[in-house]
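Topology and contacts: notes
The residues making up each chain are set out below.
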Amino acid sequence: AVYLDNHSTTKPDPRVVAAMMPYFTEIYGNAASVSHRFGWDAAEAVDHARGRVAEAIGADPKEIVFTAGATEANNLAIKGALPLLKRRGDHVVTTAVEHKSVLDVVERLGREGGWNVSIVTCDENGLVEADAVREAIRPETVLVSVMTANNEVGTINPIREIGALCHERGVVFHTDATQAVGKLDLDVQADHIDLLSLSGHKIYGPKGIGALYVRRRDPQVRLKPLFDGGGHERGLRSGTPAVPLIVGLGEAAALAIAERAVDLPRIRTLRDRLEAGIRERTSDVRLNGHPTARLDGNLNLSFAYVDGEALMMAMRDVAVSSGAACTSAEPEPSHVLRAMGRDEDSARASLRFGVGRFNSAADVEYAIEVVAKAVSTLRVHSAAWSA
Ligand code: PLP
């Protein structure tokens, strides 16, 4: 089987695994233990990793809070910041294309938390325009959350522009950069970012670890922790630091930056070949996502005249994602594709390919073959196709 689902998660880089191993076997101290070597060694490793993560986004190491992943980072950013902003206003802006760990948080605060919420929509390419955000901001807006790059269609948002307009208006700006770290040139200063979420397992690091960047020395950017406890991570995230995972995240972030110049053009070439190969063999294919402002590894296609579920079944040998969340009995068409204006059938009959660091040209040729065969077989049985 071929793995082309790198937006979902990535294979841990063997160098990341090697970097983590000693922290399982030898250096197992509690990084919060200040009275002995075991603790000091662990603390030193955590500090080193903190510096590497900070460097990847142009932050200061003191601005990095380790969390259990981007879901927690998003929750901490929004649920942590809002209570302390409430005296200034009661309005939050986010977008229709966010990951559920942002969208559901904001929607719940709108339903249950006494917040007024504006959900900005995207254009037909999944792009959130800065003007749309500008129009949504009101005098009582205190927080804007717009993702850097979308996890389904790969569209890259103009976050520098959005960050700048937030700061002109004194609004705190959060971005979920889970899919963008290591893939785009991110700089929290130049991009006017106050809070940024990232995750280890999207960058060839371990699962269950992520971080939230929290801007320092800005009285507006203060957080209330999600849980009480030992006061780790400057009081923002209690819980014994997951030293091996933190080391893995640090290694993954450093590798992503060091190898970006080689990795990304290679990934883009493979992605472009995948699209060209599929189009050579298959008609009535539509790209979902921005034609140019898109992550290098992303390819999201809708196939007309095929049933989405049947298409997924036929794709078993090639790991991809579909435009329907298969977590429930009744697959829901993707909220991102729906926001882009795709109808339900087209959203369902879509495949998301994510090309990554460990993919080869042979993987891509194989996937082209499987897709072409699957689609043509399904269309033979499709009444709409033959009509
Ligand atoms: N945000 C985006 C854009 C994602 O793609 C993901 C991954 O599923 C998440 C957040 C959640 O990340 P994690 O799995 O680290 O909680």
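These figures come from a predicted structure and were not determined experimentally.

Overview of the sheet that holds strand β10 (residues 298-303)
- If you walk across this open sheet you meet the 4 strands as β9-β10-β15-β12, and the pairing is antiparallel. Both outer strands of the open sheet, β9 (285-288) and β12 (321-322), are each paired with one neighbouring strand and no more.
- Pairing analysis gives 5 bridges linking β10 to strand β15 (residues 350-354), with the strands arranged antiparallel. Bridge pairing in β15 links leucine 301 to leucine 351.
- This element, helix α8 (residues 243-281), spans β9, β10 and β15 of the sheet and lies at about 15 degrees to β10.

A closer look at the site of the ligand
- Taken together, the residues surrounding the ligand are Gly69, Ala70, Thr71, His99, Ser101, Met147, Asn151, Asp176, Thr178, Gln179, Ser199 and Gly210.
- In the shell around the ligand, the residues fall into 2 nonpolar, 9 polar and 1 charged.

Brief notes about the confidence of the model for the protein
- Chain-level statistics for the protein give a pLDDT mean of 95 and a share of 97% at 70 or above.
- Scored as a complex, the prediction yields pTM 0.97 and ipTM 0.99.

Points about helix α4 (residues 70-85)
- Under the 1.5 Å per step criterion, the end-to-end length of α4 is 22 Å for 16 residues, consistent within 8% with the ideal 22 Å.
- Listed as buried for α4 are Ala70, Glu72, Ala73, Asn74, Leu76, Ala77, Ile78, Gly80, Ala81 and Leu82.

Examining the domain arrangement of the protein
- Assigned domains within the protein: domain 1 (2-6 + 261-386) and domain 2 (14-255).
- Taken over C-alpha atoms, the centre of domain 1 sits 29 Å from the centre of domain 2.
- The partner domain 2 presents 18 residues to the 18 residues of domain 1 that form the contact.
- Mapped onto the side of domain 1 that touches domain 2, the elements with two or more residues apiece are β10 and α10 (335-339).
- Among the elements that make up the side of domain 1 that touches domain 2, the one with the highest residue count is α10 (3 residues).
- Of the residues contributing to the side of domain 1 that touches domain 2, the split by class is 6 nonpolar, 8 polar and 4 charged.

Thresholds applied
- The residue numbers shown here count from 1 along each chain, following its written sequence.
- Where totals are concerned, whole chains, interfaces and linings use all residues; where local detail is concerned, this predicted model gives features only for residues with pLDDT of at least 70, and gives and counts side-chain atom pairs only at 80 or more.
- DSSP calls a pair of strands paired once it identifies at least 2 bridges connecting them.
- Numbering goes from the N terminus for both helices and strands, where a helix is a DSSP run of H or I of at least four residues and a strand is a run of E of at least two.
- Placing a C-beta atom from the backbone of each residue, one calls two residues in contact when those atoms lie within 7 Å.
- Angles run from 0 to 180 degrees between N-to-C directions of axes, and those axes are lines fitted to C-alpha atoms, restricted for helices to the stretch in contact.
- A molecule or strand has a residue near it when that residue's C-beta atom, placed from backbone coordinates, lies within 6 Å of it.
- For this classification, the nonpolar set comprises Ala, Val, Leu, Ile, Met, Phe, Trp, Tyr, Cys and Pro, the charged set comprises Asp, Glu, Lys and Arg, and every other residue, Gly included, is treated as polar.
- The predictor rates its confidence in each residue with pLDDT, a number between 0 and 100.
- Here, expected helix span is obtained from the residue count minus one, scaled by 1.5 Å.
- Think of it as a crowd count around each C-beta: if 20 or more other C-beta atoms lie within 10 Å the residue is buried, if 12 or fewer it is exposed, and in between it is partly exposed, with C-beta placed from the backbone throughout.
- An automatic or database domain assignment provides the domain bounds reported here.

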